[in-house]
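A look at the structure
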Amino acid sequence: MALHHNTTRVTEFILLGFTAQRKLQLLLFSFFLPICLLSVAGNLGLAVLIRAEPALHTPMYYFLSHLALMDLCSSCTVAPKMLLGLLKGYDTIPIPACALQMFSFAAASDAECCLLAAMAYDRYVAICRPLHYGTAMPQYLCRLLVVASYVAGMASGVIHSSMAFRLPFCGANTLNHFFCDIPPVLALVCADIHINQLLLLVVCGTIQSITLMAIISSYGIILCTVGRTGSLRAMSTCGSHLTVVGVLYGTLIFMYLRPDSTYAPQTDKMASVFYTVAIPTLNPAIYSLRNTEVKQAVKKRLISGRHQVLKSGIMIGGHSSF
């Protein structure tokens, strides 16, 4: 911190993380590290696979590739500082870096909500109106929905981060969290935050309520349709998708759309783990590995890679005999 006109101006935050007990910190580090690595590998691998495999160049996988990128952004925004804090026992973050982290995470979270709504609409058209799928989901519409998701997410991130960090932090600089989330940062502001709370309710409430209604409506119609046909596999897939959506929206609503007086740091940290660590790790498995097309694409790439390795070995062996 620095002194300026006889007041203390905060220039960085101390991240308290999950606990002050050293043994528990190391235990949590050993627990979260493989999960975070799996999340990065799963989402990056899925995005690259969809890009590289022509058989997966369909609207559903186009949306899924961008969902993987959003999950990858969330993981890379939060996980490094969280793991570093657990490994060191403490961590600090400068104010500009904190603002960037808040923007990135808010943008990725709200963009993901919009993408989930677009994916739900895509599944509705594919299952309930299969004969009109080509005309109902043209390429330009898919791109427009993805761009709109990114724009909505970035607008939300800009609003929350700019409005939070225009206010003064002139007292405590201990952030009782493992990353720069909106509620714990606002708790350290020494000024009126009613406008920030109102914007949080209006912006996040609008995005989350509209997208959640679209998702519930789409999957509700889908479940009614597949229920009449008796497709247990389709119902199982929809059920797994709705489970992920329920966990994501449940934690987001709990964190951002409730009275400020109910803010409880330890409870909120546990809830934050779901949408910063658990969901980005589960999404690649639930949305893709249950699909036959992805499994076939993975097998094709593995077999192709094995053939390339064998071919290279034969060529090297042939050259070495001369």
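Bear in mind the structure is a predicted one, so any value in this text is a computation, not a measurement.

By secondary structure assignment, the location of proline 183 is in helix α6 (residues 182-186). Judged by its relative accessible area of 11%, proline 183 is buried. Along the primary structure proline 183 and asparagine 196 are separated by 13 residues, whereas in three dimensions their C-alpha atoms are 9.8 Å apart.

A volume near 350 Å³ is recorded for the second largest pocket. Arg51, His57, Thr58, Tyr62 and Ser65 are the residues nearest the centre of the second largest pocket, which is lined by 16 residues in total. Listing elements by their share of the lining of the second largest pocket, those giving two or more residues are α1 (22-52), α2 (59-88) and α5 (139-165). By residue number, the principal contributor to the lining of the second largest pocket is α2, which donates five residues. Of the residues contributing to the lining of the second largest pocket, the split by class is nine nonpolar, five polar and two charged.

Tallying each qualifying case throughout the model produces 10 aromatic pairs. For the pair phenylalanine 105 and tyrosine 275, a centre-to-centre distance of 5.4 Å together with 35° between the ring planes defines the contact as tilted. With phenylalanine 105 in helix α3 (residues 95-128) and tyrosine 275 in helix α9 (residues 265-289), this residue pair connects regions lying 170 residues apart in the sequence. Residue classification places phenylalanine 105 among the buried residues on the basis of a relative accessible area of 3%. On the numbers, 5.2 Å between centres and 50° between planes, the contact of phenylalanine 178 with phenylalanine 179 is tilted. Accessibility assignment for this pair places phenylalanine 178 and phenylalanine 179 in one class, buried. Directly above the aromatic system of tyrosine 90 lies the positively charged group of lysine 88, at a separation of 4.8 Å from the ring centroid.

Basis of the calculations
Positions within a chain are numbered from 1, following the residues in the order the chain's sequence is written. Side-chain atom pairs in this predicted model are given and counted only at pLDDT of 80 or more, local residue features only at pLDDT of at least 70, and totals for whole chains, interfaces and linings cover all residues. Based on all heavy atoms of the structure, the side-chain values leave hydrogens and waters out of the count. Under the scheme used here, helices are H or I runs from DSSP no shorter than 4 residues and strands are E runs no shorter than 2 residues, and both carry numbers assigned from the N terminus. Using a 1.4 Å probe on the protein chains alone, a residue whose accessible area is under 20% of its type maximum counts as buried, one over 50% counts as exposed, and one in between counts as partly exposed. The distinction between a cavity and a pocket rests on a 1 Å grid over the protein atoms alone: a 1.4 Å probe fits inside a cavity but cannot get out, while a pocket stays open yet meets protein on both sides within 12 Å along at least five of seven lines, and a residue with an atom within 4 Å of a point counts as lining. Grid points are joined across faces, edges and corners, and a volume is the space filled by probe spheres set on the points. Each residue gets one of three labels, nonpolar for Ala, Val, Leu, Ile, Met, Phe, Trp, Tyr, Cys and Pro, charged for Asp, Glu, Lys and Arg, and polar for the others, Gly among them. Note on ring pairs: Phe, Tyr and Trp rings are taken, using the six-membered ring of Trp, and paired if centres are within 6.5 Å. Classes follow the plane angle, with under 30 degrees stacked, over 60 edge-to-face and the rest tilted. Only lysine NZ and arginine CZ atoms are considered, and such an atom sits over a ring when it is within 6 Å of the ring centre and within 35 degrees of the ring normal.

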